[in-house]
Amino acid sequence: MSQTPISSSISTISTAPKRLVIASRESRLAMWQAEHVRDCLKKLYPQCDVQILGMTTRGDQILDKALSKVGGKGLFVKELETALEDGRADLAVHSLKDVPMVMPEGFDLSCVMAREDAHDAFVSNDYASLEDLPKGAVVGTSSLRRESVLRSKFPHLEIQPLRGNLDTRMGKLDRGEYHAIILAAAGLKRLGLESRIRALLPIDPYTPAAGQGALGIETLSQHPNIKAWLAPLNDLPTLYAVSAERMVSRQLGGSCEVPLAAYATWNQDQMHIRSFVASVDGTSSCLASAEGSVKSLEDAEALGFSVAQDLIAQGAASLLPHGLPK
Ligand SMILES: NCc1[nH]cc(CCC(=O)O)c1CC(=O)O
């Protein structure tokens, strides 16, 4: 994995950090991610005391309701932002997929770390693949994006909501509440559950959500040194890819209320990006992809922007519950 600094223009750091506090949700996946960042920071700054501040967010408390009804994925990050504001923590680690496309005033996405497997995964105790599922089989997912593709490809399956953290979701599968479930491969791999994956779903048509599999580190915009300290943890290919994906999503007002997928790869200055917007029932969709030379963050965002314009030209706005963002 290459760990390339985000920018060589960052001024030299006069002092290494003495103490850093990482704010994290308390789910096993969030803690794994925070510990991963802590280990990377300890390697970079052996003298630094790196602590993790575990927090229960409102998003974790209201998993029984449709999150979109009570404020969306942002609920997973707000408490962590309060800890940054109060100075109780210096950085917050998030699954980038859960980070709002527009950062709130005063906060920055200061670091994007190397991406884990971005695929969605098929998990089942009885079936090897989606194709093997019989008519009426119950498939669990709470992602409208996954639901939309499943309904269009397999109208004979029954899609049911599936909420809770990863262990909760696996428990529901193992208790027989579902014949199969769809989850991000990244989370399963991080928690040592890779052996439960029966099949990785191909990017076409199961395009991941913007940022899926990547870790983002959020900080106060005004923190004096944190960006320079985190710079060595940035992964340039991931940063370019997710910046393009997030640009598509931002232009379309992406939220968990709309089936929206965006996935990009970047290597040797070439970026490929694919995105769709669809109806939840899977009957209509707009799909766009683009390929181009990308040599900077601006290039990456420009390619994402062009894909968003392509989708809008195809009529994507009619698939968005609130139309295009102002
Ligand atoms: N929406 C919840 C969420 N946020 C991040 C991950 C998994 C890890 C990742 O994508 O980085 C998951 C679970 C899932 O989608 O199955």
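Because the structure is predicted, anything quoted here is derived from the model rather than measured. (Residues numbered from 1 in each chain as written. Predicted model: local features only at pLDDT ≥ 70, side-chain atom pairs only at ≥ 80, totals over all residues.)

Some remarks on the site of the ligand
Move 1: Lining the immediate surroundings of the ligand are Ser 95, Lys 97, Asp 98, Leu 183, Ala 184, Ala 186, Gly 187, Gln 212 and Gly 213.
Move 2: Where the shell around the ligand is concerned, the elements lending two or more residues are β8 (180-184) and α7 (185-190).
Move 3: Across the shell around the ligand, the residue classes break down as 3 nonpolar, 4 polar and 2 charged.
Move 4: For the shell around the ligand, the domains that each give at least three residues are domain 1 (1-115 + 214-234) and domain 2 (120-200). (Near = placed C-beta within 6 Å. Helix = DSSP H or I, 4+ residues; strand = E, 2+ residues; numbered from the N terminus. Nonpolar A, V, L, I, M, F, W, Y, C, P; charged D, E, K, R; others polar. Domains from an automatic or database assignment.)

Things to note about the sheet that holds strand β1 (residues 19-25)
Move 1: Across the sheet, 5 strands lie side by side as β2-β1-β3-β10-β4; this open sheet has mixed pairing. Sheet topology places β2 (49-55) and β4 (107-113) at the edges, where each strand pairs with a single neighbour. The average angle at which neighbouring strand axes cross in this sheet is 30°, direction not considered.
Move 2: Examined bridge by bridge, β4 and strand β10 (residues 215-220) share 6 bridges and lie antiparallel to one another. Within β10, the residue paired with Asp 108 across the bridge is Thr 219.
Move 3: Here helix α1 (residues 28-44) sits on the sheet in contact with β1, β2, β3 (91-95) and β10, set at roughly 165° to β1. (Pairing = 2+ DSSP bridges. Axes fitted to C-alpha atoms, helices over the stretch in contact; angles between N-to-C directions. Contact = placed C-beta atoms within 7 Å.)

Examining the nonpolar core
Move 1: Grouped together as the largest cluster of nonpolar side chains are 81 residues, with contacts concentrated most on Ile 22, Ala 121, Ala 244, Met 271 and Val 277.
Move 2: Ranked by the residues each element gives to this core, the list is headed by helix α9 (residues 236-251), at 7 residues.
Move 3: With residues near it in sequence (within four places) discarded, Val 277 still touches Leu 252, Val 258, Pro 259, Leu 260, Ser 285, Cys 286, Leu 311, Ala 316 and Leu 319. (Core = buried A, V, L, I, M, F, W, Y, C linked by C-beta atoms within 7 Å. Buried ≥ 20, exposed ≤ 12 C-beta atoms within 10 Å, placed from the backbone.)

Examining α1
Given 3.6 residues per helical turn, the α-helix brings residues three or four places apart onto the same face.
Move 1: A rise of 1.5 Å per residue sets the reference length of α1, with its 17 residues, at 24 Å; its end C-alpha atoms lie 24 Å apart and thus fit the reference within 8%.
Move 2: Those residues of α1 lying buried are Ala 30, Gln 33, Ala 34, Val 37 and Leu 41. What you see down the axis of α1 is that its buried residues fit within an arc of 95°, all on one side. Across α1 from its buried face, at more than 90 degrees, point the exposed residues Asp 39 and Lys 43.
Move 3: Buried residues in α1 make contact with β1, β2, β3 and β10. (Expected span 1.5 Å × (residues − 1). Arc of directions from axis to C-beta.)

What about the packing of α9 against helix α10 (residues 297-313)?
Move 1: It is the contact of α9 with α10, at a shortest axis distance of 7 Å, that shows an interaxial angle of 35°. The hand of the α9/α10 crossing is right-handed. Here Tyr 240, Ser 243, Ala 244, Glu 245, Met 247, Val 248 and Gln 251 of α9 lie close against α10, whose contacting residues are Leu 297, Ala 300, Glu 301, Leu 303, Gly 304, Phe 305, Val 307 and Ala 308.
Move 2: Grouping the amino acids of the contact of α9 with α10 by side-chain chemistry returns 10 nonpolar, 3 polar and 2 charged. (Left-handed = near helix turned anticlockwise from the far one by under 90°.)

Side note on the domain arrangement of the protein chain
Move 1: Taken as a whole, the protein chain is organised into domain 1 (1-115 + 214-234), domain 2 (120-200) and domain 3 (236-312).
Move 2: Domain 1 puts 6 residues into the contact, and the matching count from domain 2 is 8 residues.
Move 3: A breakdown of the residues in the side of domain 1 that touches domain 2 according to their chemical character gives 3 nonpolar, 1 polar and 2 charged.

Comments concerning helix α5 (residues 144-153)
Move 1: Here α5 has its buried residues at Arg 145, Arg 146, Glu 147, Ser 148, Val 149 and Leu 150.
Move 2: Contact partners of the buried residues in α5: β5 (120-123), β6 (138-140), β7 (158-160), β8, β11 (260-267) and β12 (270-278).

A closer look at the environment of Leu 260
Move 1: Inspection of the secondary structure puts Leu 260 in strand β11.
Move 2: Separated by 17 residues in the primary sequence, Leu 260 and Val 277 place their C-alpha atoms 4.6 Å from one another.
Move 3: Apart from residues lying up to four places away in sequence, Leu 260 is in contact with Arg 145, Ser 249, Leu 252, Gly 254 and Val 277.

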